[in-house]
Each structure stands twice: as structure tokens, then as C-alpha cells.
Amino acid sequence: MQVRTLRLREFRNHLDSHLQFGTGITLLLGDNGQGKTNVLEAISYLSLSKSFYAASDAQVVMLGHNMLEIQAAIADAAGRVSDVRITADALSGEKSVQVNRSELDRVSSLIGMFPAVILSPEQGGIVAGGPAERRKFLDLVLCQTSRTYLADILEYRRVLRQRNRLLLDARLNGTAPSRELPAWTEELVRLGSRLIHKRALFVEGVREAFTSAYGFLAGASADATVRYMTAEGIEEHMAVEVIAQQLHDAVEKRAAEERRRGATVVGPHRDDLSFAINGLAAERYASQGEQKTVLIALKLSEYDYVTMRCGETPILLLDDIFAELDRHRAARVMERLQKGGQCVITATDESLIGGRVQWDGEHRRIIVESGTCREAPV
Ligand SMILES: Nc1ncnc2c1ncn2[C@@H]1O[C@H](COP(=O)(O)OP(=O)(O)OP(=O)(O)O)[C@@H](O)[C@H]1O
Ligand SMILES: [Mg+2]
């Protein structure tokens, strides 16, 4: 997809901003607190139907105002242009999404229509944070690219809550778990194995692109790998039925531990992703710049994966990625971004981005200042 134009009204600090994007790179330039990230946030609404980080729409509506409005012209791979309009009312909580003037029944139906790949500072936790942040990353990508994944994960969470309640009750009462437990275990294994299967396929699908993107950004001698860490006995390439059998065995094997803890100790809710650079775990050993490079390589490989799965190129949103990168890596990032696809990046200073870009219309610079946007002179 290509976002051609965007209008923001009463959105964060943008009272009424109009932007025209390049087909390649659009660089949003401006000092701290001027409204660059807010523009990326607005684009995330077009993809996710909500903000990529705000807890509620009310927070995003301009202070002292009632209703935000986002309007965009988005072209698909065939060049067909859709007009998308999103409004959200801070007081009533009402939200509406229109595509070509017809209102979607459900706001969430927008998810998957206009895919985006987002890298913002909040996502640093994918490498440096705990397993929950990496699982959230996996779930978000897979919900965008698979219709069944979202339904499965919601159902899995419900089953997990029920099963945990039985285990906790038994622990607190000092009794054996209820006779209902095996039925819940079956459900947990059925849904859990489907989630593990999809996550493992995703990791297998991005591995090569990830390793090669990392090598490109950091220099060929740097070897970065990514692995999906799941229950004992489960291998990436296994069929879903085999995963189910292995997961079942793993749950049985740890029955005593479950009773002791009063909670389900194996399953996709306990899994993790692991990144390593030249064999060393990135979360423990990598420097800030190396961790940032891992994230960028991951997002570039996610970009390829989403393109393949959706048959539509996503828009790549990279917020504040240059701060930790040395000039070689920054120049490599720019070189890679110029090769294709639409992306929107932010920087406080053009000297940070490294490399030379012809700001010729395909690539554009927009100056963001106090919630207003204007094209930089060429
Ligand atoms: N609901 C809101 N209404 C009005 N202004 C808001 C609202 N939410 C945030 N802001 C303002 O928006 C500004 C932040 O904008 P943004 O995060 O886009 O900055 P930025 O240009 O990305 O800066 P940095 O370079 O520091 O990341 C802040 O000054 C903040 O006070
Ligand atoms: Mg910002």
C-alpha cells in the first residue's frame, strides 16, 4: 500500500495538518516535541484501527477538543485509491471507520487491509525486555497476517484462565485438581499447538531475511540469528498434529510443577524468541546500537514476510531509529530504504540520517513544527 495524502484534525498536537507522501522515503524532520511521532501514530490508525501505543483514543484527541479525524488516500498494489476516514469522539468513545464513504460494521475490520510495519522506541523491549514483549510482537504480526490467529489466541487466553483457575483452586484448597482439568488440557493443547505452529512458521519464514538484513547493516562478519523457544520436544518444522502431541506430553510431564504453582507452566503463553549475535544472546550482551540494529533487521524481515502473506507491500514506519546508530549503519539503513517500498521515518536533524538522498518527489522531506507540517525546500 502507498499512503498518498494524509489529513489530521484535532489529532494530538495537530489541529489541521495536510501531508503528501513520497512513494519512497518520507522524512519527518523537527525538534523534540513538535509532532513527528504523532504523524506516525495517525498512520498506525489506518493499519491497526487504533494507536500503536496510546491506551485510548481519548488520549489522542487534541486536548480541549472533542473529536479526532484522520483522512487518507491510500493506493493499493494495482494503483486503486481508497479514501479512508476515521473519527473518534473523546467523550462518547464512539469511533467510526469509512472506506470509500461506506462505514465498516466493525472498526477492527480495517485490520489487515492496509498493513504497516512499525518500529518505535517503545518496541525496544522486543530485544532488551522480557519474553512477554517478544510474544506481543509475534502476536501482533500474526494477527495482521492470519485471520484465524486472532480468534485462536483469544480462545486460548480464555481456556488458559479457566485452567489456571482450576489449578489455583486445587492448590489453595490443598486438594487434587478438579475432574474437569483433562478437558481443559485438551483445549489448551489443541489451541496452543496451532499458535505455536504459526509462530514457528513465522520465525522460520523470516530467519534468512533477518540474518541477511543484519549482515547488510552491521557488516558481513556479524552473524545474527533468531529462534523460537517453546516447549521441550517441539521443533520448528513439525506439523501441527505432532506439535500437539509434544505439547500434550510436555504438559503431562510437568503436572507436579503445575500443581505446586497453581498455574499452567507450558504453552505458547510461556514461549519466547531469542536473538543472538555471533552466538551471544542479544538481550544480555548486545550494545544499544547492536540492539537497535537487531530491531531494524527484524522489522525489515517482517516487512518481507507481510508482503508475502498479504500480497500487498506494507508501509514501513521507523520512529527515531538513528539516535543509537553510528554513521556507517545509518547510511546502510538509508541505502536499504531507498531500494524500495514506502517508508516514513523521523529525525531531529538531517545530519543524523547519513548517506545521500535525492529529495526529488519520490523521496520527500517534511518539516514538522508545533503540530504543523510543511514540505522542506529542495
Ligand atoms: N492529546 C494531545 N493534545 C495536544 N497535544 C498533545 C496531545 N498528546 C500529546 N501532545 C503533544 O504532542 C507533542 C509530542 O509530539 P510527538 O511525540 O509527535 O513529538 P516528536 O516530534 O516525535 O518529538 P521527539 O523528537 O521528542 O520524539 C508533545 O508536545 C505533547 O505535549
Ligand atoms: Mg517522537
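So, the overall build of the protein
Across its full length, the protein holds 11 helices and 15 strands. The C-alpha radius of gyration computed for the protein amounts to 22 Å, which stays within 12% of the reference 21 Å derived for 378 residues, consistent with globular compactness. Seen through its C-alpha atoms, the protein measures out along the principal axes to roughly 70 × 55 × 35 Å. Looking at the 378 residues of the protein, the share that counts as buried comes to 43%. Contacts in the protein between residues at least 24 apart in sequence constitute 70% of all its contacts with a sequence separation of at least 6.

Description of the sheet that holds strand β2 (residues 14-20)
Pairing is antiparallel in the open sheet, where six strands are placed in the order β2-β1-β4-β5-β6-β7. Each having just a single partner strand, β2 and β7 (102-103) make up the two edges of the open sheet. Direction of pairing for strand β1 (residues 2-11) relative to β2: antiparallel, over a ladder of six bridges. Across the sheet, residue R7 finds its bridge partner in β2, namely H18. Strand contacts of helix α1 (residues 36-48): β1, β2, β4 (67-75) and β5 (81-89), with the helix running at about 110 degrees to β1, the strand carrying the most contacts.

Points about the site of ligand 1
Surrounding ligand 1, one finds 17 residues, the nearest of these being N13, N32, K36, T37 and N38. When residues of the shell around ligand 1 are assigned to their parent elements, the largest contribution, three residues, is made by α1. A class-by-class count of the residues in the shell around ligand 1 yields five nonpolar, nine polar and three charged.

Concerning helix α6 (residues 181-218)
Where α6 bends most, the angle comes to about 40 degrees, and this point is R207. Just downstream of α6, G219 is the residue with a positive phi angle, here 110 degrees.

Details of the pairing of strand β14 (residues 364-369)
The alternating pattern of β14 places R364, I366 and V368 on a buried face and R365, I367 and E369 on a face that is not buried. Of the strand pairs in this sheet, strand β3 (residues 25-29) and β14 are connected by four bridges, and their pairing is parallel. Looking at the pairing, L27 lines up with R365 of β14. Counted between consecutive antiparallel strands, the loop separating β14 from strand β15 (residues 372-375) contains two residues, among which S370 sits at a positive phi close to 45 degrees.

Quick notes on unusual backbone geometry
Most peptide bonds take the trans form, and the phi angle of most residues other than glycine is negative. Of note in this structure, N278 is not a glycine but carries a positive phi near 45 degrees. Secondary-structure assignment places N278 in the loop between β10 (272-277) and β11 (280-281). Phi is positive for S370, close to 45 degrees, though the residue is something other than glycine. Of note, S370 is situated in the loop between β14 and β15. Overall, the presence of 12 C-beta atoms within 10 Å leaves S370 in the exposed class.

Focus: the domain arrangement of the protein
Split by domain assignment, the protein resolves into domain 1 (2-115 + 313-375) and domain 2 (131-281). Taking the mean C-alpha position of each, domain 1 and domain 2 sit 33 Å from one another. Contact with domain 1, which involves seven residues of that partner, is made by four residues of domain 2.

A look at the packing of helix α5 (residues 147-173) against α6
At their nearest, the axes of α5 and α6 sit 9 Å apart, and the two run at 145 degrees to each other. As for the relative orientation of α5 and α6, their crossing is left-handed in sense. Each of Y149, D152, I153, E155, Y156, V159, L160, Q162, R163 and L166 in α5 lies in contact with α6, whose residues at this interface are L181, W184, T185, E187, L188, L191, G192, R194, L195 and K198. A class-by-class count of the residues in the contact of α5 with α6 yields 11 nonpolar, three polar and six charged.

Topic: the packing of helix α4 (residues 131-145) against α6
It is at 11 Å that the axes of α4 and α6 come closest, and there the two elements cross at 90 degrees. The orientation of α4 with respect to α6, classified from their angle, is roughly perpendicular. Contacts between α4 and α6 involve L138, V141 and L142 on the former and, on the latter, K198, R199 and F202. Within the contact of α4 with α6, the residues separate by chemical class into four nonpolar, no polar and two charged.

Here's the deal with the sheet that holds strand β8 (residues 116-119)
Taken in spatial order, the six strands of this open sheet run β8-β12-β13-β3-β14-β15, and their pairing is mixed. The sheet terminates laterally at β8 and β15, the two strands that pair on one side only. Going from strand to strand, the sheet's axes swing by 20 degrees on average, the running direction of each strand aside. In this structure, β14 lies alongside β15, joined through four bridges in antiparallel fashion. For I366, the partnering residue across the bridge sits in β15 and is E375. Docked against the sheet, helix α10 (residues 288-310) engages β8 and β12 (315-318), running at close to 175 degrees with respect to β8.

Analysis parameters
Residues numbered from 1 in each chain as written. Chains lettered and ligands numbered in written order. Predicted model: local features only at pLDDT ≥ 70, side-chain atom pairs only at ≥ 80, totals over all residues. Helix = DSSP H or I, 4+ residues; strand = E, 2+ residues; numbered from the N terminus. Rg over C-alpha atoms; globule rule 2.2 N^0.38 Å. Buried ≥ 20, exposed ≤ 12 C-beta atoms within 10 Å, placed from the backbone. Contact = placed C-beta atoms within 7 Å. Pairing = 2+ DSSP bridges. Axes fitted to C-alpha atoms, helices over the stretch in contact; angles between N-to-C directions. Near = placed C-beta within 6 Å. Nonpolar A, V, L, I, M, F, W, Y, C, P; charged D, E, K, R; others polar. Bend = angle between axes of the 7 residues up to and from the residue. Domains from an automatic or database assignment. Left-handed = near helix turned anticlockwise from the far one by under 90°. Parallel < 35°, antiparallel > 145°, perpendicular 65-115°, else oblique.

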